[in-house]
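Each chain is listed here by its residues.
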Amino acid sequence: MAAMTYGSSIDPAKPSIARVYDYLLGGKDNYAVDREIGDVFKRDLPGSVSIAFANRAALTRAVREIAKTTGIRQFIDLGSGLPTADNVHQVAQRHAPDSRVVYVDIDDQVLVHGRALLEDNDRTRVIALDVRDPEGIRTHPATLEMIDFDRPVAVILSAILHHVNDDEDPAGIVRYWRDHVPSGSHFFISHFRSGDNPETAEAEKVLQKTFGRGRWRTDAEIASLLEGLEILDPGIVPASLWRPDETDNPWNGDARRELTVWEHLIVAGLARKA
């Protein structure tokens, strides 16, 4: 997941969205302040951790699908978060070894770990820019080194736009990329989905209190973020139901089972620019 923190050095006393998600996913790149917030979800909102796992699994399936079926060989991962198993470049290059990936994040610890992980992979770059600066990202020398904007691009917006508040124009971010990539480009999005229930309200309250951001949106609001793009089957659906594959989706087990209330609160979708 993405971070929207600021500064030039890692501050172990200040919580990070990226590190909280790392903790929820079982990672070790987090501090006590991050675990304290993560434990609020674990203790007070039991079952909410499944949101993080369902999202990550859907991202893995989407990257695999893009690499195997579309011919796209270049990816921009906006708000990439801390490295985990099966990062975008690992999944893409497993199925298409010539795939190139640009990771974008502003969290200092993400940058440190990302660059260390990728230093031996000459088809990947990590750049330190805010997702709200799409022009800066697109024109960054590392992006231009990796990405040919005359050819289709996969734009990854995994669990990032719900950290962009309404007054920061999340739809405008997507629209910028839509307007600057060629036909045949694909957009993967996952997003917190408002369930109009106590779980949604409490989870949103925790994020807003801690980070000042975290916006649950309705199905219609999420679909509107992809305006002008063709939303591919099965549409925007709970992440656990987005082209499920039990082999690659071990957290969900039997994809035919009834989802928990929490799994309904993270949706995913894939769209194509005609």
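Please refer to the structure placed before this passage.
Notes on the structure follow.

Parameters and conventions
Residues numbered from 1 in each chain as written. Predicted model: local features only at pLDDT ≥ 70, side-chain atom pairs only at ≥ 80, totals over all residues. Heavy atoms only, no water. Buried < 20%, exposed > 50% of the residue type's maximum accessible area, 1.4 Å probe, protein only. Helix = DSSP H or I, 4+ residues; strand = E, 2+ residues; numbered from the N terminus. Pairing = 2+ DSSP bridges. Right-handed = clockwise from strand over helix to strand, strands pointing away. Phe/Tyr/Trp six-rings, centres within 6.5 Å; stacked < 30°, edge-to-face > 60°. Contact = heavy atoms within 4.5 Å. Salt bridge = Lys/Arg side-chain N within 4 Å of Asp/Glu carboxyl O.

1. Digging into the pairing of strand β5 (residues 186-192)
Consecutive residues of a regular strand have side chains that alternate between opposite faces of the sheet.
So, point 1. By the criterion of burial, β5 is predominantly enclosed, with seven of the seven residues buried.
So, point 2. Burial along β5 is two-sided: His186, Phe188, Ser190 and Phe192 and Phe187, Ile189 and His191, pointing in opposite directions, are all buried.
So, point 3. Bridge count between strand β4 (residues 154-158) and β5: five bridges; the pairing is parallel. For valine 155, the partnering residue across the bridge sits in β5 and is phenylalanine 187.
So, point 4. Where the polypeptide runs from β4 across helix α8 (residues 170-180) and back to β5, its parallel neighbour, the crossover connection is right-handed.

2. Notes on the packing of aromatic side chains
So, point 1. Within this structure, the stated rule accounts for four aromatic pairs.
So, point 2. Between phenylalanine 188 and tryptophan 242, the ring centres sit 6.1 Å apart and the planes meet at 70 degrees, which makes this aromatic pair edge-to-face. Of this pair, phenylalanine 188 sits in strand β5 while tryptophan 242 sits in the loop between β7 (237-238) and β8 (266-272), placing them 54 residues apart in sequence.
So, point 3. Under the relative-accessibility criterion, tryptophan 242 is labelled buried at 0%.
So, point 4. Between phenylalanine 192 and tryptophan 216, the ring centres sit 4.1 Å apart and the planes meet at 25 degrees, which makes this aromatic pair stacked. With phenylalanine 192 in strand β5 and tryptophan 216 in the loop between α9 (198-211) and α10 (219-224), this pair connects stretches of sequence that are 24 residues apart.

3. Some words on α8
Residues spaced three or four apart along an α-helix face the same direction, because each turn holds 3.6 residues.
So, point 1. Listed as buried for α8 are Pro170, Gly172, Ile173, Val174, Tyr176, Trp177 and Arg178.
So, point 2. Residues of α8 that are buried in the fold lie against β1 (74-78), α6 (134-139), β4 and β5.

4. Some thoughts on the pattern of salt bridges
So, point 1. In this structure the tally under the stated criterion is 13 salt bridges.
So, point 2. Aspartate 166 is paired through a salt bridge with arginine 215; the nearest N and O atoms lie 3.0 Å apart. With aspartate 166 in the loop between β4 and α8 and arginine 215 in the loop between α9 and α10, this pair connects stretches of sequence that are 49 residues apart.
So, point 3. Taking relative accessible area as the criterion, aspartate 166 reaches 46% and is therefore assigned partly exposed.
So, point 4. A relative accessible area of 18% means that arginine 215 is categorised as buried.
So, point 5. Sharing partners across several salt bridges, the network here consists of Asp166, Arg215, Arg217 and Glu221.

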